Amino acid sequence: MEATVKQGPAQDRNAFAAYRNLIMATIGFTLTFWAWNLISPLSGDFKEQLGLSSFQQSLLVAVPVLVGSLGRIPAGALTDRFGAKLMFPAVSALTILPVLLLIPARDSYGAMLAVGFLLGLGGTTFAIGIPLVNSWFPPAKRGLALGIFGMGMGGVALSGYFTPRIAKHSENLPFWIVAGALVVYSLLAAVLITDHPDRKVPAESLARRLGQAGRLRVTWELSALYAIGFGGIVAFGVYLPTYLKTWYEMSPTEAGTKAAGFALVTVVFRPIGGWLSDRVHPALVTAGALLLAALMAILQAFDPELDPLGTIALLCMAAGLGTASGSVFALVSQVTPQGKVGSVTGIVGAMGGLGGFVPPLVMGAIYSAKGSYSIGFMLLSDLALAGSVYAYGRMRNVRRDG
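From a predicted model like this one, the values you see are computed outputs, not experimental measurements.

Engineer: How should I be thinking about the packing of helix H4 (residues 84-105) against helix H6 (residues 126-136) in this particular structure?
Structural biologist: The geometry of a pair of packed helices is captured by two quantities: the angle between their axes and the separation between those axes. Taken N-terminus to C-terminus, the directions of H4 and H6 make an angle of 150 degrees; their axes are 10 Å apart at the nearest point. The angle between H4 and H6 falls in the class roughly antiparallel. For the pair H4 and H6, the crossing hand works out as left-handed. Along the contact surface, H4 presents Ala 84, Met 87, Phe 88 and Val 91, while H6 presents Ile 128, Gly 129 and Leu 132. Of the residues in the contact of H4 with H6, the class split is six nonpolar, one polar and no charged.

Shown next, in the form of structure tokens:
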């Protein structure tokens, strides 16, 4: 009894610390994701201002996605080594620079591509937050906690909705506001984010740890599934405003609002995917969610009227992709050794982001060549269906040893 009494306050402190870190990580993920996605909601304005083709516009919004995705690989491994207490505030503070550089760069396409490259840094915080949250929560609560952290991808929705509206008051105001928010967050994160006291610091080099993670078969299986689920979310986050403006002839503000609604649905369903994965095997959740996304992509390929059928198809697709992105990382926590979570997360997160890099370029190229988006939606349905079958047939039987 005496031992139980002594453990109570320590357990309470650990629980408080766990939720404090979860909240801070989620806020930081949201802000850096907003910064990462600053170009996309304004890409229509940049296209007119700089006289860009559809492919050039797609490349402009895809470059930060590519860099942020690949940057997750070293970011995850560095988090295993140095901890999130150092990495989260440092990366958030460094993201301020490219956000402010967007102001002088906006008159040159080459300069915008260069700044977009630097802006990719904001997309790496995903690989910092996952091992942090994973370390603080027990397995029975980990799926939901990781899903809540994943809601930080709502920074895309915030950017899609608020960035063009703020820009109406002053074209540079969105950049100043996001930079200011990142300054405040970086200072708070340096104080409030703490690594778990039992965190084990790996002795191996960065290259060796990445090599070990890369040799695990399950790393690449999870990467493929996440490239479909989260990649689809990123792709629609950056390209949906263009699609709605081009195909349904919406105004930039209206298209941004619709795209923000899509992103919001993915945000809401990500923790639902994690919560379901705490109760049902995450492979089954992933299979069902990707199947829903595949069916809705087929429906949208037939170019239905936006109200109501197109809207229903896009929102249901968002629900499926959001659920899958939450359940895949619940699966990561089940099959990955704790000391390798950051390294595996970095690779899986990178592949997910790369899954978002390719579709906008493909969609832009297909539309330029064929004047239609149907082929792009059918390709998405094929990938989602393949992921659903693989998740059900193979991933149900994977254990921590791979």
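Engineer: What am I meant to see in the side chain of Arg 270 here?
Structural biologist: Looking at the element boundaries, Arg 270 is found in helix H12 (residues 252-277). Buried and unpaired, Arg 270 has no salt bridge, with Asp 278 as the nearest side chain of opposite charge at 13 Å. Excluding its chain neighbours within four sequence positions, the residues that come into contact with Arg 270 are Phe 126, Gly 147, Gly 150, Met 153, Tyr 226, Phe 230, Gly 322, Thr 323, Ser 325, Gly 326 and Phe 329.

Engineer: How do you make sense of helix H10 (residues 206-214) when you look at a structure like this?
Structural biologist: Given 3.6 residues to a turn, an α-helix orients residues that are three or four positions apart in the same direction. Listed as buried for H10 are Arg 209, Gln 212 and Ala 213. All buried residues of H10 fall inside an arc of 100 degrees around its axis, so they share one side.

Engineer: Can you help me understand the pattern of salt bridges in this one?
Structural biologist: Throughout the structure, instances matching the rule amount to three salt bridges. With its nearest N and O atoms 3.9 Å apart, the salt bridge here joins Glu 171 to Arg 106. One end of the pair, Glu 171, is in the loop between helix H8 (155-169) and helix H9 (173-192); the other, Arg 106, is in the loop between H4 and helix H5 (109-119), and 65 residues separate them in sequence. A residue is classified by how much of its surface remains accessible, and Glu 171, at 45% relative accessible area, is partly exposed. Its salt-bridge partner being Glu 221, residue Arg 217 comes within 2.9 Å of it at the nearest N-O pair. A residue pair is termed a helical-turn pair when its members lie 3 or 4 positions apart in one helix, as Arg 217 and Glu 221 do in helix H11 (residues 217-247) at four residues.

Engineer: So what exactly am I meant to see when it comes to the packing of aromatic side chains here?
Structural biologist: Two descriptors summarise a pair of aromatic rings, namely the distance from one centre to the other and the angle between the planes of the rings. Within this structure, the stated rule accounts for 14 aromatic pairs. Aromatic side chains Tyr 19 and Phe 137 sit 5.2 Å apart centroid to centroid with 85 degrees between the ring planes, which places their arrangement in the edge-to-face category. Of the two residues, Tyr 19 is situated in helix H1 (residues 2-36) and Phe 137 in the loop between H6 and helix H7 (139-150); the sequence distance between them amounts to 118 residues. Note on Tyr 19: relative accessible area 42%, which makes it partly exposed. Given the relative accessible area of 6%, Phe 137 is considered buried. Ring geometry for Phe 33 versus Trp 36: centroids 4.7 Å apart, planes at 50 degrees, classification tilted.

Calculation notes
Residues numbered from 1 in each chain as written. Predicted model: local features only at pLDDT ≥ 70, side-chain atom pairs only at ≥ 80, totals over all residues. Heavy atoms only, no water. Axes fitted to C-alpha atoms, helices over the stretch in contact; angles between N-to-C directions. Helix = DSSP H or I, 4+ residues; strand = E, 2+ residues; numbered from the N terminus. Parallel < 35°, antiparallel > 145°, perpendicular 65-115°, else oblique. Left-handed = near helix turned anticlockwise from the far one by under 90°. Contact = heavy atoms within 4.5 Å. Nonpolar A, V, L, I, M, F, W, Y, C, P; charged D, E, K, R; others polar. Buried < 20%, exposed > 50% of the residue type's maximum accessible area, 1.4 Å probe, protein only. Lys, Arg positive; Asp, Glu negative; His and termini not counted. Salt bridge = Lys/Arg side-chain N within 4 Å of Asp/Glu carboxyl O. Arc of directions from axis to C-beta. Phe/Tyr/Trp six-rings, centres within 6.5 Å; stacked < 30°, edge-to-face > 60°.

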